[in-house]
Each structure stands twice: as C-alpha cells, then as structure tokens.
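Summary of the model geometry
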Amino acid sequence: MEDCLAKKMEITVSEAEKRTGRNAMNIQETYTAYLIETRAVESQSEGQCAPVESLWRRYSEFELLRNYLSVTYPHIVVPPLPEKRADFVWHKLSADNMDPDFVERRRIGLENFLLRVASHPVLCQDKIFYAFLMQEGGWKEMVNETGFQLKADSRLKALNATFRVKNPDKRFTELKHYSDELQSVISHLLRVRARVADRLYGVYKVHGNYGRVFSEWSAIEKEMGDGLQSAGHHMDVYAASIDDILEEEEHYADQLKEYLFYAEALRAVCRKHELMQYDLEMAAQDLTSKKQQCEELATGTVRTFSLKGMTSKLFGQETPEQREAKIKILEEQIQEGEEQLKSKNLEGRDFVKSAWADIERFKEQKNHDLKEALISYAVMQISMCKKGIQVWTNAKECFSKM
C-alpha cells in the first residue's frame, strides 16, 4: 500500500458541468462532464506544492475505464461506479440524472471510484488508469489498442459456463451465494430507508402547520400572543431543516449503494473462475478422448460405439500405414494437449490464489466501510431526535412564559 498511487498523488473530481454536443450518431445530446484534478504529493523538504493538472471526462469514459479494468484484471473485485440514474430515492428527491443534487452526489461517487482504484495495490499501477488521469486527448484510442474488447466478448460464453461446469469450486460457489444475499439485504435496507425518509419528510413538514396555526392564534391573544408566536417560530425552523437532513442522509445511502454494486463485482470474479474451470474441464475431456482414440488405433479394438467404427466395418479396415500416420498425428495432439492442460492448471491455480487474496482485501475493506457508514447513520438519527426534543423543549418554555 505504501507504493499505491493514492499515496503519491492527490486526486479530486472537483466540479461537474452540463454540456451539449453531438454523439457518434451525430445526434445532439446533453451530458455532464466532470473535472478531474491531480497533484503530485511532494515531500515536505521540497517546500513548494506541485502544480495542479486537470482534464474533463464524461461518465461514459469512466465506464470505459472500468470495463477495461474488469476484463484486464479478472481476478480483482474492481470498484463499482456510482449509479447512472438515481434509484432507491424518497419520492420528494428528484430521480432526474441532470438534477443538480444528484449530479453532485455522482461527482462524489466518481471521485470515490478513482480513489478506490488509486488505492488498490494492483490497479493503481495500470498505465491506462494513469493516462485516464493525465492524458485527455487520445485516451480512448489507447484503451482500444489494448484489445481488451476481444477478451470482453468471451464474457458471453461465461454466462452459461456455470451450468456446464462439472466440478465447481465450493469456495467460489459460496462466495457467489453470499454476493446474492448481500445484494438482497442492502436492497431491502435501501427500500426501508426510502420509506422512512418519506414519512420523516411528512412529519417535519406537518410541524410547519403547527408553526402556521400558532402564529395565527397569537394574533388573537394578548397575554398568550408572544409565547405562541415564539413557539410557532421554533416549529417553522424545525420544519425547514428536513431538506438538508435528508440530503445528508442520501450520502449514507450512497455508501450502501456502493456495496450493492460491489456485490455484482464479486459475482463477476466468480463467473470468470467458472469460465476458466469450464475451459479446463473441456481440455481434460478432449485429451482423454484423443488418448482413447490412439489406444484403439494401436490395439485395433473399439471400446465405444462410433460412426468411424461402423464405417471401417462397412468399407474395410485401414492399412497399417494409414493407421500409423493417424497414431502419429494423435500422439502429437496428445502431447500438445498435455502441455495445454498443464498450462491451464497453472493459470487456474494462479487465478484462485490472486482472486482469494483480493477477496480477503475486499472483505476487510467492506467490514470497515459498512461499520463506519452504519455508525454515522445511527449518530445522524440520534442527532435528529435530539433536535426534535430540543424544539419541543423550547416550545414548552414558550408556553410556560405565557
């Protein structure tokens, strides 16, 4: 971690800007661009701070970067991007992806994504990621030249690999089940939070009605007027504070959403392992088949029914020369298959070792982050309740002075 990019460079997504331009289909569109600022962290002895470098990126470029990382590092739980469109929101909050509040929260999420990658011991060293931060022009071309998209196409094959793998790794099967459960639990939690936020919004706003009624009442009372007016003022302030409170609460919801999306990143690693396991089993099966064919040709016996066996019975046996030539070809294929199987076994073991190390790193990060988020959420709720108690305490004092 001492060598990670986050230790050497300050990275911020400092602002978002609404822009209009033409897409690849030459259709005019409105989009949001984000300003990435970076500055090298100089040692204290050098005295002066390094200059700030800056460039603009669209959300689609962040998506391209993450797709590249996911394909290039299949054994890594790649940090997720913030949502493209708002989900699990309380109904008073806009779900429009151009809404300023949503854009601001997404800006924070994109910065968090870059910091996650920059703090990762492997991802932080990637040249494409570094160029994403430092090189505005020609970056997309650089990504495409890596040929990662060709590897990405194999993911379609991976979708069905799980149903065909004969000996799945129990650890990855359990991890996949855990990621499903984690996503389900967090989804339910976010739905409950949205419902609570809706009700809370209503309760606070109804306190504004107290304020209005107390103010109207104060106008017809001489002795009680000042007390009612003061109590109404406290109610009005309390009612107005809910917008800021729920906006702050959305920040905690975004922290939970990050792990909602991390669950999919975990499943992606499991699927990639399933694909590797499937390829390994197919290679082993093909090698066994070739060895059997070679043995049958050498001994002249056929163990299993085959079209080739029926053909030889109908049209006569092969000559010794033909048989020797086929045996020689099969022996070469068997040798090549054994080398390939050995290579796939080594690749599989390396994948499991690297993936499990990164999964352990992810688990430690997850436990720390979710614990901090839940504690912060609880503290915010306690603070909110204290404000409610204080409002009614103040109102009680106002009533007592009447």
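Residues numbered from 1 in each chain as written. Predicted model: local features only at pLDDT ≥ 70, side-chain atom pairs only at ≥ 80, totals over all residues. Heavy atoms only, no water.

An unreviewed UniProt entry lists the protein chain under the name SNX4 protein, with Erythrocercus mccallii given as the organism.

Along the backbone of the protein chain there are 12 helices and 3 strands. Looking at the protein chain as a whole, 39% of its 402 residues qualify as buried. Long-range contacts, defined here as pairs at least 24 residues apart, represent 75% of the contacts in the protein chain between residues at least 6 apart. About 23,800 Å² of surface is accessible on the protein chain, with carbon and sulfur atoms providing 53% of the total. (Helix = DSSP H or I, 4+ residues; strand = E, 2+ residues; numbered from the N terminus. Buried < 20%, exposed > 50% of the residue type's maximum accessible area, 1.4 Å probe, protein only. Contact = heavy atoms within 4.5 Å. Areas by Shrake-Rupley, 256 points an atom, 1.4 Å probe, with all protein chains shown as cover.)

Looking now at a negative patch on the surface. On the surface, E321, E324, E331 and E332 cluster together into a patch of negative charge. With a relative accessible area of 48%, E332 lands in the partly exposed category. (Patch = residues over 30% accessible without salt bridge, like charges linked within 9 Å, V, L, I, M, F, W, Y side chains within 5 Å. Salt bridge = Lys/Arg side-chain N within 4 Å of Asp/Glu carboxyl O. Lys, Arg positive; Asp, Glu negative; His and termini not counted. Charge placed at Lys NZ, Arg CZ, Asp CG, Glu CD.)

All right, on to the pattern of salt bridges then. Counted according to the given criterion, the structure contains 24 salt bridges. One salt bridge in this structure joins K176 and E274, with 3.5 Å as the shortest N-O distance. Taken together, the residues K176 in helix α8 (residues 170–218) and E274 in helix α10 (residues 242–299) connect sequence positions 98 residues apart. Across the pair K363 and E360 runs a salt bridge, and its minimum N-O distance is 3.8 Å. With a gap of 3 residues between them, K363 and E360 both fall in helix α12 (residues 320–400), about one helical turn apart.

Structurally, E336 is set in helix α12. Exposure remark for E336: the relative accessible area of 59% places this residue in the exposed category. Between the C-alpha atoms of E336 and L287, which are 49 residues apart in sequence, the distance is 9.2 Å.

Below, the discussion takes up the sheet that holds strand β3 (residues 53–58). Taken together, 3 strands build an open sheet; the order of strands is β1-β2-β3 and the sheet is antiparallel. Strand pairing shows two members of the sheet lacking a second neighbour, β1 (9–22) and β3, which therefore form its edges. Taken over all neighbouring pairs, the strand axes of this sheet differ in orientation by 25 degrees on average, direction set aside. Bridging between β1 and strand β2 (residues 28–40) involves 13 bridges; their strand directions are antiparallel. Across the sheet, the residue bridging to E17 is A33, located in β2. Each of β2 and β3 is contacted by helix α2 (residues 59–72), which is oriented at about 90 degrees to β3, the strand it contacts most. Across the sheet, helix α3 (residues 100–119) lies against β1 and β2, angled at about 135 degrees from β1, the strand it touches most. (Pairing = 2+ DSSP bridges. Axes fitted to C-alpha atoms, helices over the stretch in contact; angles between N-to-C directions.)

Moving on, we come to the packing of aromatic side chains. Under the criterion given, the structure shown has 14 aromatic pairs. Judged by centre distance (6.4 Å) and plane angle (75 degrees), the ring pair of Y252 and Y377 falls under edge-to-face. Here Y252, found in helix α10, pairs with Y377, found in helix α12; they are 125 residues apart in sequence, far enough to count as distant. Accessibility expressed as a relative area gives 14% for Y252, which makes it buried. A cation over a ring is seen here: R19 above W56, with NZ or CZ 4.5 Å from the ring centre. For the cation-ring pair, R57 lies above F132, with the distance from its terminal atom to the ring centre recorded as 4.8 Å. (Phe/Tyr/Trp six-rings, centres within 6.5 Å; stacked < 30°, edge-to-face > 60°. Lys NZ or Arg CZ within 6 Å of the ring centre and 35° of its normal.)

This part covers the nonpolar core. In this structure, L114 and L133 are the most contacted members of the largest nonpolar core, which totals 35 residues. Listing elements by their share of this core, those giving two or more residues are β1, β2, α2, α3, α4 (127–134) and α5 (139–145). Of the residues forming this core, the biggest block, 7 residues, is contributed by α2. For L114, the residues in contact, after removing those within four places along its chain, are I11, V13, I36, F62, F129, F132 and L133. Formed by 23 residues, the second largest nonpolar core is a distinct cluster that contains V77, C270, V352 and A355. (Core = buried A, V, L, I, M, F, W, Y, C linked by side-chain atoms within 4.5 Å.)

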